[in-house]
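Coordinate inspection notes
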Amino acid sequence: MDLFDLFVLLYVAPEVGKLFFPASIPTLSLAAVYASFAVTLLMRPVGSAIFGSIADRNGRKRAMTIAVTGVGISTALFGALPTISQIGVTAAILFIILRLIQGVFVGGVVASTHTIGTESVPPKYRGFMSGLIGGGGAGLGALLASIVYFAVSAVFPGPEFSVWGWRFMFFAGILSSILGLFVFKSLEESPLWVQLKQSQKEEAKPQKAPLRLVFSRQYLPVMLVNLMIVTGGGTAYYLTSGYLPTFLKVINKLPAGTSSMILMGASVAAIIASMLVGSLSDFIGRKKTFLIMGGISLVVLPFLYLGMASATTVPSITAYALALSFLGNAAYAPILIFLNERFPTAIRSTGTGLSWNMGFAVGGMMPTFVSLASGATQNIPLTLTYFAAGVFVLYLIGSLIIPETKGEFN
C-alpha cells in the first residue's frame, strides 16, 4: 500500500509536469517530475536511519504503524495542492516539500516491512518471501495504482483528468493508512526480534546504537558492497516498470484505458517474476541467482526497449511491456533476503533499510537522467538501452564480489 502511494506520481507524471513544472520542451518537464520522484527517494535513507533505529530498538511493528500512516496522509495532501497557475512557483516548492516528507515515511516503511517478513517464516521460504515483499509488494502496489488510474480515467476522461482526475489519484492514498492500521491490529511482532530482546534482558546487556554499528568499521564495508547490487536492482526496476507508464503514453502514444490495462498485466508479470526468482535463490543460492539474472538482463533488455518503441500493435506492445516488467523485477527479487542475511537481528532493520534505500535512491534518479540525456522524446528508447547496459555491468561486478549468504541468518 505504501508503494501504491509512491507510484501514483508515475501514472500522472505528464499532468503533474504541466501543472507544477511547465516547460517548453516536453522532456524537460518530464525530467522535472522524475526529479521530484528522485527527491523522495533521496530522503528514504533518512527515514531508514530514523525508523530503522526505532524498529531495532522498539520493534518492527511500532515503526511500521507510524511510517505507513505517514505515507498515506502525505500522499493524500498532494491532491489538495494548488497549481503553479494559481499561486506561482510556490506550488512547485510545496510539491517538493511534500515529496521530502513522504520520502522519510517511505524509508521508514522499508526498514520495518523488509525485515519482519523474512524474520517470520522458516528458512526455506525466505527467498520466496524476499520476492513477495520486495517485487511482489511493488507489483501489487503498481497493480492497485493501475486499477485506480483506469477507474479515475473513466470518471474524468480526456481534459477533465488534467483538472480533477490527478487529484483523486492522490486522494486514494489515504486508503493505505486506513487499511494499514486495520491490518496492524492483528500483526504479531517478529519472533527473532522478540527472542533477541529476551536474551538481552536475561544477560542485562545494554543495546548499542544501531546506526553507529551499521557505520562501524565492521559493517560499513558490507554496506558499500551491498550498494552495488541494490543500485543495479533498483535501477533495473525504475527503468522498466517505473518508466513503463511514461513509455506507453509518450512513445507508444496509447490512450489511457489501453495503457492502464497493459500496466495491470505488467504488474502481474512483476509479481510472478519476483516470487519465482526469489524462490530460485532458495534452491541455487543468492549469488548464482544474481549472476544469472544480471547476464540475461544485460543481453535482453536493450532489444526489448527498441522493439517496444517500434511496435505498432497493442498485442506486440503488451508482449514487450510484460517482458520488460518481468526482467526488471526478477533482477532484484533476492536482494531483500540477501541484505537481511548480511546483518544480525540487532541492526537488521537499520542496515537493510539503509542499504536498500540508498541503492534505490540512485536507481530512482535514473529516469531523470534518461529524460535529460534523451533531448527529445524519440531518443528515449535508445537512451534507455545505454543506461540499462551500464547499470547491469555494475550489477554483475557486484554479483562477482559478494559472498554467498544463503543460510547465514542470525
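Residues numbered from 1 in each chain as written. Predicted model: local features only at pLDDT ≥ 70, side-chain atom pairs only at ≥ 80, totals over all residues. Heavy atoms only, no water.

Re the environment of Thr258
With respect to the helices and strands, the residue Thr258 is situated in helix H14 (residues 256-284). Sequence separation of Thr258 and Thr75 is 183 residues, and the distance between their C-alpha atoms is 26 Å. (Helix = DSSP H or I, 4+ residues; strand = E, 2+ residues; numbered from the N terminus.)

Points about helix H2 (residues 13-20)
Of all eight residues making up H2, seven are buried, and the element is well covered by its neighbours. For H2, every residue scored as buried is listed here: Ala13, Pro14, Glu15, Val16, Gly17, Leu19 and Phe20. (Buried < 20%, exposed > 50% of the residue type's maximum accessible area, 1.4 Å probe, protein only.)

Quick look at the packing of aromatic side chains
Enumeration over the complete set of coordinates arrives at 17 aromatic pairs. Seen from their ring centres, Phe156 and Phe168 are 5.3 Å apart, and the 25 degrees between their planes marks the pair as stacked. With Phe156 in the loop between helix H7 (126-155) and helix H8 (159-171) and Phe168 in helix H8, this pair connects stretches of sequence that are 12 residues apart. The class for Phe156 is buried, based on a relative accessible area of 17%. (Phe/Tyr/Trp six-rings, centres within 6.5 Å; stacked < 30°, edge-to-face > 60°.)

Considering the packing of helix H4 (residues 60-78) against H8
Contact pair H4 / H8: the axes reach a minimum separation of 7 Å and the direction vectors enclose 170 degrees. As judged from the angle between their axes, H4 and H8 are roughly antiparallel. Across the interface between the two elements, Thr75, Ala76 and Phe78 from H4 touch Trp166, Phe170 and Phe171 from H8. Residue composition of the contact of H4 with H8, grouped by class: five nonpolar, one polar and no charged. (Axes fitted to C-alpha atoms, helices over the stretch in contact; angles between N-to-C directions. Parallel < 35°, antiparallel > 145°, perpendicular 65-115°, else oblique. Contact = heavy atoms within 4.5 Å. Nonpolar A, V, L, I, M, F, W, Y, C, P; charged D, E, K, R; others polar.)

Details of helix H19 (residues 380-401)
With 22 residues, H19 extends 32 Å from end C-alpha to end C-alpha; this agrees with the ideal 32 Å at 1.5 Å per step. For H19, the complete set of buried residues consists of Ile380, Pro381, Thr383, Leu384, Thr385, Ala388, Val391, Phe392, Tyr395, Leu396, Gly398 and Ser399. Considering only its buried residues, H19 is in contact with helix H12 (220-238), helix H13 (244-251), helix H15 (286-310) and helix H18 (348-374). (Expected span 1.5 Å × (residues − 1).)

Considering unusual backbone geometry
Leaving glycine aside, a negative phi is the common case for residues, and trans is the common case for peptide bonds. If you check the backbone angles, Lys253 has positive phi at about 55 degrees while not being a glycine. You can see Lys253 is positioned in the loop between H13 and H14.

With respect to the packing of helix H6 (residues 90-119) against H18
Contact geometry of H6 with H18 gives a least axis separation of 8 Å together with a crossing angle of 120 degrees. Here H6 lies oblique to H18, going by the angle between them. In terms of crossing hand, the pair formed by H6 and H18 is right-handed. Of the residues in H18, those in contact with Gly107, Val110, Ala111, His114, Thr115 and Glu119 of H6 are Arg348, Ser349, Thr352, Gly353, Trp356 and Asn357. (Left-handed = near helix turned anticlockwise from the far one by under 90°.)

Things to note about empty space enclosed by the protein
Applying the stated criterion across every chain yields a total of two cavities of 30 Å³ or more. Computed from the structure, the largest cavity encloses a volume of approximately 120 Å³. Lining the largest cavity are 16 residues; nearest its centre among them are Tyr11, Ala142, Tyr237, Ser241 and Ser267. The set of elements that each furnish at least two residues to the lining of the largest cavity consists of helix H1 (2-11), H7, H13, H14 and helix H16 (314-330). With four residues, H14 is the single largest residue contributor to the lining of the largest cavity. Taken together, the residues of the lining of the largest cavity sort by class into 11 nonpolar, five polar and no charged. (1 Å grid on protein atoms, 1.4 Å probe; cavity = no way out; pocket = protein on both sides within 12 Å on 5 of 7 lines; lining within 4 Å. Points joined across faces, edges and corners; volume = space filled by probe spheres on them.)

Re the environment of Gly158
For Gly158, the position within the fold is in the loop between H7 and H8. Given the relative accessible area of 55%, Gly158 is considered exposed.

Keep in mind these numbers describe shape, not what the thing actually does.
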